[in-house]
Amino acid sequence: MPKIDLVAGLLDANEMLAEQNRTLFKQSKVFTVNLMGVPGTGKTSILEKIISSLKDKLLIGVVEGDLYTTTDAERIEKLDVPTVQINTKGECHLDAGTVRKACLDLPLHQIDLLFIENIGNLVCPAEFDLGENARLMVISVTEGNDKPWKYPLMFRRADAIIVNKTDLINYTDFDLKQFTEDMTNINQAAKIFPASATTSSGISDIADWLYKKIKKQAK
Ligand SMILES: Nc1nc2c(ncn2[C@@H]2O[C@H](COP(=O)(O)OP(=O)(O)OP(=O)(O)O)[C@@H](O)[C@H]2O)c(=O)[nH]1
Ligand SMILES: [Mg+2]
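Rules behind the numbers
- Residues numbered from 1 in each chain as written.
- Chains lettered and ligands numbered in written order.
- Predicted model: local features only at pLDDT ≥ 70, side-chain atom pairs only at ≥ 80, totals over all residues.
- Heavy atoms only, no water.
- Donors = N, O, S within 2.8 Å, 3.2 Å for Na, K, Ca; no water.
- Helix = DSSP H or I, 4+ residues; strand = E, 2+ residues; numbered from the N terminus.
- Near = heavy atom within 4 Å.
- Polar contact = N/O pair within 3.5 Å; in protein donor to acceptor, adjacent residues only side chain to side chain.
- Areas by Shrake-Rupley, 256 points an atom, 1.4 Å probe, with all protein chains shown as cover.
- Phe/Tyr/Trp six-rings, centres within 6.5 Å; stacked < 30°, edge-to-face > 60°.
- Buried < 20%, exposed > 50% of the residue type's maximum accessible area, 1.4 Å probe, protein only.
- Lys NZ or Arg CZ within 6 Å of the ring centre and 35° of its normal.
- Pairing = 2+ DSSP bridges.

**Student:** Is there a simple way to explain the coordination of the magnesium ion (ligand 2) in this structure?
**Tutor:** Ideal coordination angles are 109.5 degrees for a metal with four donors arranged tetrahedrally and 90 or 180 degrees for a metal with six donors arranged octahedrally. The protein atoms that coordinate the magnesium ion (ligand 2) are T44 (OG1), D72 (OD) and E117 (OE), at distances spanning 2.0 to 2.2 Å. One chain supplies every donor for the magnesium ion (ligand 2), spaced along it as T-x27-D-x44-E. On the criterion of sequence distance, the pair formed by D72 in helix α3 (residues 71-77) and E117 in strand β4 (residues 113-117) is long-range, its members being 45 residues apart.

Written out as structure tokens, the structure is:
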């Protein structure tokens, strides 16, 4: 079978499973967030801070995607939220079927907000719909201004972009104004949140945005 047909077939099959996940999440009244970004951009660190900020208002669950380790799940479990680790054993993204299986190990009906931390990568995760309600992307100021143009699909499909590690911005050439302008051309609808998981700057804005989205959907 030509490679291109195989890829198209995989994506079609994934789309079907993503629809099933959407139905499951809707029936379970759980709002799901697909958290994406390159390795080390601060996905887990941001997640730790958002969980701490929303934990008293919402019941939160987490699916942690990683190639081989359980490090991130161990970090999240310390916050006392139900967590399931997926090890993709080399696959560069999560897919809808794998997420579905992980959800079997979660008390989905008790959860209001489910985070899915995807594999660190700016290419593959963008193509695989997981049935999520929102796509949250993390980029950090140490990664450079050119990423939206180099990886447009990921940036085009994001509902919100967290620009993390702003505590380091003066040590980099990252230009937030330029980034915001570029994003206007690529994805005008995406919200942009400058933040730092280290200092907690910007975390309350992200938490408020998520909370409002969840309440709006629940109406
Ligand atoms: N200075 C600074 N460092 C940060 C910030 N956020 C995360 N880090 C550091 O960046 C490194 C990677 O953070 P993680 O949260 O593990 O990143 P990740 O995106 O989850 O990484 P993977 O799961 O491996 O893809 C750690 O050493 C964090 O302490 C931040 O806002 N500022
Ligand atoms: Mg992580």
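**Student:** For this particular structure, what's the right way to read the site of ligand 1?
**Tutor:** Inspection of the region around ligand 1 gives 18 residues, with K43, T44, S45, D167 and A197 positioned closest. A distance of 2.9 Å separates an oxygen atom of ligand 1 from a polar side-chain atom of R75. Contacts to ligand 1 include D167, whose side-chain N or O atom sits 2.8 Å from a nitrogen atom. For ligand 1, the protein covers 70% of the area, taking 650 Å² as the surface of the free molecule.

**Student:** Before we go on, may I ask you to explain the packing of aromatic side chains in this structure?
**Tutor:** The relation between two aromatic rings is expressed through the spacing of the ring centres and the mutual angle of the planes. Applying the stated rule across the entire model yields three aromatic pairs. With a centroid separation of 6.4 Å and an interplanar angle of 70 degrees, the aromatic rings of F155 and F179 are classed as edge-to-face. In this pair, F155 is assigned in helix α7 (residues 152-156) and F179 in helix α8 (residues 176-186), connecting sequence segments 24 residues apart. Between F174 and F179, the ring centres sit 5.6 Å apart and the planes meet at 40 degrees, which makes this aromatic pair tilted. Taken individually, F174 and F179 each receive the classification buried, so the pair is uniform in this respect. Members of the aromatic cluster, each reached through a chain of ring pairs, are F155, F174 and F179. In this arrangement the basic side chain of K57 is found over the ring face of Y211, its NZ or CZ atom lying 4.0 Å from the centre.

**Student:** I tried to follow the pairing of strand β6 (residues 160-164) on my own but got confused; where do I start?
**Tutor:** The two faces of a sheet get side chains in turn, since along a regular strand they alternate between them. Burial analysis of β6 places five of its five residues in the buried class, which makes it a mostly covered element. Along β6, one buried face is formed by A160, I162 and N164 and the opposite face, lined by I161 and V163, is buried too. The sheet contact formed by strand β5 (residues 134-140) and β6 spans five bridges and is parallel. For L136, the partnering residue across the bridge sits in β6 and is A160.

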